[in-house]
Amino acid sequence: MKILELLQERRDDVFALHEQYLNAQMVRVLHTIGFDVRYTKAEGSYLFDAEGNRYLDLLSGWGVFALGRNHPRVVEVLRDVLAAELPQLVQLDVSPLAGLLAERLIARVPYLEKVFFCNSGTEAVEAAIKFARCATGRSKILYLSGAFHGLTYGALSLNGDERFREGFGPLLPDCEVVPFDDLEALERALCGGDVAAFIFEPIQGHGVDVPSDAYLPEAARLCAKHGTLLVADEVQTGLGRTGRFCAVEHWGVEPDLVLLAKALSGGFAPLGAVLTRKAIFDRVFNRMDRAVVHGSTFGKNNLAMAAGLATLEVIEEERLVERAASLGGELLQKLGALVPRFEFLKEVRGKGLMIGMRFGEPESLKLKTAWKLLERANAGLFCQMITIPLFARHRILSQVAGHGTHVVKFLPPLILSEADAQWVLGAVEDVVNDAHRVPGSVWDLGKKLASHAVRNR
Ligand SMILES: Cc1ncc(COP(=O)(O)O)c(C=O)c1O
């Protein structure tokens with residue numbers, strides 16, 4: 001089979017194939033919001049369609065493409081690995097590439113000592129739950145309101161958004177939510193001495209919510225005091241995204257477990273990792289007959305391990321952590337400067353290149369009435385009036401941060417250029433400006449979206 005010929009031959013069938021054999025609702029969503037483009041090429045920060053139009057990708061595959069797409073250094077390493085016909089997944093053996101990647105990861109997070117590899121973020125969360133229960137002999141897991149840790153059963157049991165759980169219960173027992181950024185509530189939940197782990201995202205992906213500066217250091221102290229393991233889910237925030245290798249470094253916190261995935265393979269292979277203290281790891285893998293007590297068949301596969309090694313090298317060589325800090329800081333500041341100019345725009349928040357623009361109810365009567373009508377149809381619809389024209393008019397791919405939020409989120413590749421940053425600034429200003437014209441083209445779109453939302457109820 002010539003795969004490229006096959007793709008070419010069937011290029012007009014793609015939406016029909018998905019409608020018939022895969023998720024037809026996704027096809028409906030794409031058609032409705034006008035994101036139904038057939039991309040044919042991807043390079044760096046850009047996607048290209050069949051007509052050669054260039055799109056700036058601020059979604060990065062939900063945060064996967066920190067290096068941009070198809071980074072040549074990672075491609076070269078993967079080609080070398082395939083060409084060498086290396087053995088892998090022997091299973092009754094140990095993988096040299098996994099040893100090397102674990103060594104490099106621990107060098108970046110030196111207060112931890114052991115690594116467990118898996119295939120995704122949610123699997124890293126599942127492993128963390130099991131490790132924490134096993135190491136502490138306790139069963140309760142605390143998570144934060146607004147949290148997102150993945151969609152398998154354990155991770156779903158730690159999800160702060162009810163809508164993801166609908167229809168899937170019962171979930172894992174002994175999982176308890178605590179309100180975001182509330183130290184008193186956390187201490188109350190911990191003081192029974194029965195909590196195995198407290199899991200948190202240093203910056204929540206759902207709304208780009210950043211905790212107050214005292215929160216994480218004090219949460220770490222409370223967890224240590226009550227014998228609870230601190231688990232940082234850095235699946236989205238890790239690997240330089242926020243301007244530090246791990247986001248917890250902003251607050252000087254050293255968790256007992258750090259979870260990585262998404263950007264770790266440069267976007268080439270499914271890969272997740274749990275970095276942990278030796279004492280925890282040794283409680284799980286504590287006897288020879290438990291050498292395979294947790295794991296998965298494809299964990300430590302060569303392509304993922306090699307891609308991980310190449311990704312870490314690129315992050316260092318191209319100084320991407322520093323780039324996220326400097327360019328992200330600039331972008332945050334310049335987008336933030338729009339807040340006083342536009343009534344709907346309330347706040348620009350985040351760190352590095354994890355950026356949220358929060359919109360809210362305006363003061364002036366005409367805009368307020370329009371906002372209220374839209375909110376009544378569907379809370380959070382306003383943000384689609386930003387992301388849709390950003391895409392249609394400016395070819396910028398972005399997302400609404402989460403269900404029912406009023407936050408538009410940008411997760412650009414960390415290789416974003418200055419010119420790309422200008423592209424973003426110009427486009428945001430244009431679209432937000434237009435959203436303040438009632439009636440106007442953005443509100444025509446709002447009306448269409450609202451009637452869709454009402455029909456779908
Ligand atoms: C913070 C966080 N944890 C876990 C996950 C789950 O990762 P995956 O989709 O690879 O299972 C995600 C995915 O968006 C995430 O943002």
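In case you missed it, the structure is sitting above this.
No experiment lies behind these values; they were computed from the predicted model shown.

Caption draft 1: Main features of unusual backbone geometry. The residue after Gly169, namely Pro170, is reached through a cis peptide bond having omega -5°. Its place among the elements puts Pro170 in the loop between α8 (153-156) and β6 (175-178). The omega angle of the peptide bond from Val438 to Pro439 is -5°, so this bond is cis rather than trans. Considering the arrangement of structural elements, one finds Pro439 in the loop between α16 (418-435) and α17 (441-456). One non-glycine residue, Asp174, lies in positive phi territory at about 65°. Its place among the elements puts Asp174 in the loop between α8 and β6.

Caption draft 2: Region of the structure containing the packing of helix α9 (residues 183-190) against helix α10 (residues 215-225). For the pair α9 and α10, the least separation of the axes is 10 Å and the interaxial angle reads 15°. As summarised for this structure, α9 and α10 are arranged roughly parallel, according to the angle between their axes. Crossing handedness for the pair α9 and α10: right-handed. Here Leu183, Leu186, Glu187 and Leu190 of α9 lie close against α10, whose contacting residues are Tyr215, Glu218, Ala219, Leu222, Cys223 and Lys225. The residue makeup of the contact of α9 with α10, split by class, is seven nonpolar, no polar and three charged.

Caption draft 3: Looking closely at the sheet that holds strand β2 (residues 46-49). Reading across from one edge, β1-β2-β3-β13 is the order of the four strands in this open sheet, with mixed pairing throughout. This sheet does not close on itself; its edge strands, each paired only once, are β1 (39-43) and β13 (396-397). The pairing of β2 with strand β3 (residues 54-57) spans three bridges and is antiparallel. For Tyr46, the partnering residue across the bridge sits in β3 and is Leu56. Packed on one face of the sheet, α16 meets β2, β3 and β13 and runs near 90° to β3.

Caption draft 4: A look at the pattern of salt bridges. Applying the stated criterion across every chain yields a total of 28 salt bridges. A salt bridge links Glu330 to Lys334, with the shortest nitrogen-to-oxygen separation between them at 3.6 Å. Note that Glu330 and Lys334 are positioned in helix α13 (residues 320-336) at a spacing of four residues, about one turn of the helix. Using a relative accessible area of 35% as the deciding quantity, one classes Glu330 as partly exposed. Of the charged contacts, one joins Arg437 and Asp434 as a salt bridge, the two residues approaching to 2.7 Å between their closest N and O atoms. Overall, the relative accessible area of 47% leaves Arg437 in the partly exposed class. Look at Asp434 and you get buried, because its relative accessible area is 11%. The network of salt bridges with shared partners includes Asp209, Glu347, Arg349 and Arg358.

Caption draft 5: Quick peek at the state of the cysteines. Overall, the coordinates contain zero disulfides when judged by the stated rule. No disulfide involves Cys191; its nearest neighbouring cysteine sulfur is the one of Cys223, lying 12 Å away.

Caption draft 6: Seen up close, the site of the ligand. Contacts to the ligand come from Ser120, Gly121, Thr122, Phe148, His149, Gly150, Glu201, Asp233, Val235, Gln236 and Lys262. Note that an oxygen atom of the ligand is positioned 2.8 Å from one of the backbone N or O atoms of Thr122. Here the ligand has 390 Å² of accessible area as a free molecule, and 79% of this is covered by the chains. Class assignment for the residues of the shell around the ligand results in two nonpolar, six polar and three charged.

Caption draft 7: Structural view of the pairing of strand β15 (residues 407-410). Neither face of β15 is left uncovered, since the one carrying Val407 and Lys409 and the one carrying Val408 and Phe410 both have all their residues buried. Taken together, strand β14 (residues 399-400) and the strand that follows it, β15, pair antiparallel across an intervening segment of six residues, in which Gly404 is found at a positive phi of about 65°.

Caption draft 8: The packing of helix α14 (residues 365-377) against helix α15 (residues 381-394), seen in detail. One can describe the packing of α14 onto α15 by two numbers: an axis separation of 8 Å at closest approach and a directional angle of 105°. In terms of axis orientation, α14 runs roughly perpendicular to α15. Residue-level inspection shows Trp371, Leu374 and Glu375 of α14 in contact with α15, the latter providing Leu381, Phe382 and Met385. Of the residues contributing to the contact of α14 with α15, the split by class is five nonpolar, no polar and one charged.

Caption draft 9: Spotlight on the environment of Glu316. Considering the arrangement of structural elements, one finds Glu316 in helix α12 (residues 302-317). By relative accessible area, Glu316 is classed as partly exposed at 47%. It is 9.9 Å that separates the C-alpha atoms of Glu316 and Gly240, two residues lying 76 residues apart in sequence.

Caption draft 10: Fine view of the packing of aromatic side chains. With the rule as written, the count across this model stands at 17 aromatic pairs. Their ring planes at 85° and their centres at 6.1 Å tell us that Phe131 and Phe285 sit as a pair that is edge-to-face. Placement of the pair is Phe131 in helix α7 (residues 121-136) and Phe285 in the loop between α11 (278-284) and α12, with a sequence separation of 154 residues. Phe131 gets classed as buried once you look at its relative accessible area, which sits at 0%. Where Phe382 meets Trp443, the ring centres are 6.2 Å apart and the plane angle is 50°; that geometry is what we call tilted. Of this pair, Phe382 sits in helix α15 while Trp443 sits in helix α17; the two residues are 61 residues apart in sequence, bridging distant segments of the chain. On the accessibility criterion, Phe382 (1% relative accessible area) is buried. Cluster of aromatic residues (ring-pair linked, three or more members): Phe344, Phe359, Trp371, Phe382 and Trp443. One Lys or Arg, Arg69, reaches over the ring of Phe65 and ends 4.0 Å from the middle of that ring.

Cut-off values and rules
Residues numbered from 1 in each chain as written. Predicted model: local features only at pLDDT ≥ 70, side-chain atom pairs only at ≥ 80, totals over all residues. Heavy atoms only, no water. Helix = DSSP H or I, 4+ residues; strand = E, 2+ residues; numbered from the N terminus. Axes fitted to C-alpha atoms, helices over the stretch in contact; angles between N-to-C directions. Parallel < 35°, antiparallel > 145°, perpendicular 65-115°, else oblique. Left-handed = near helix turned anticlockwise from the far one by under 90°. Contact = heavy atoms within 4.5 Å. Nonpolar A, V, L, I, M, F, W, Y, C, P; charged D, E, K, R; others polar. Pairing = 2+ DSSP bridges. Salt bridge = Lys/Arg side-chain N within 4 Å of Asp/Glu carboxyl O. Buried < 20%, exposed > 50% of the residue type's maximum accessible area, 1.4 Å probe, protein only. Disulfide = S-S within 2.5 Å. Near = heavy atom within 4 Å. Polar contact = N/O pair within 3.5 Å; in protein donor to acceptor, adjacent residues only side chain to side chain. Areas by Shrake-Rupley, 256 points an atom, 1.4 Å probe, with all protein chains shown as cover. Phe/Tyr/Trp six-rings, centres within 6.5 Å; stacked < 30°, edge-to-face > 60°. Lys NZ or Arg CZ within 6 Å of the ring centre and 35° of its normal.

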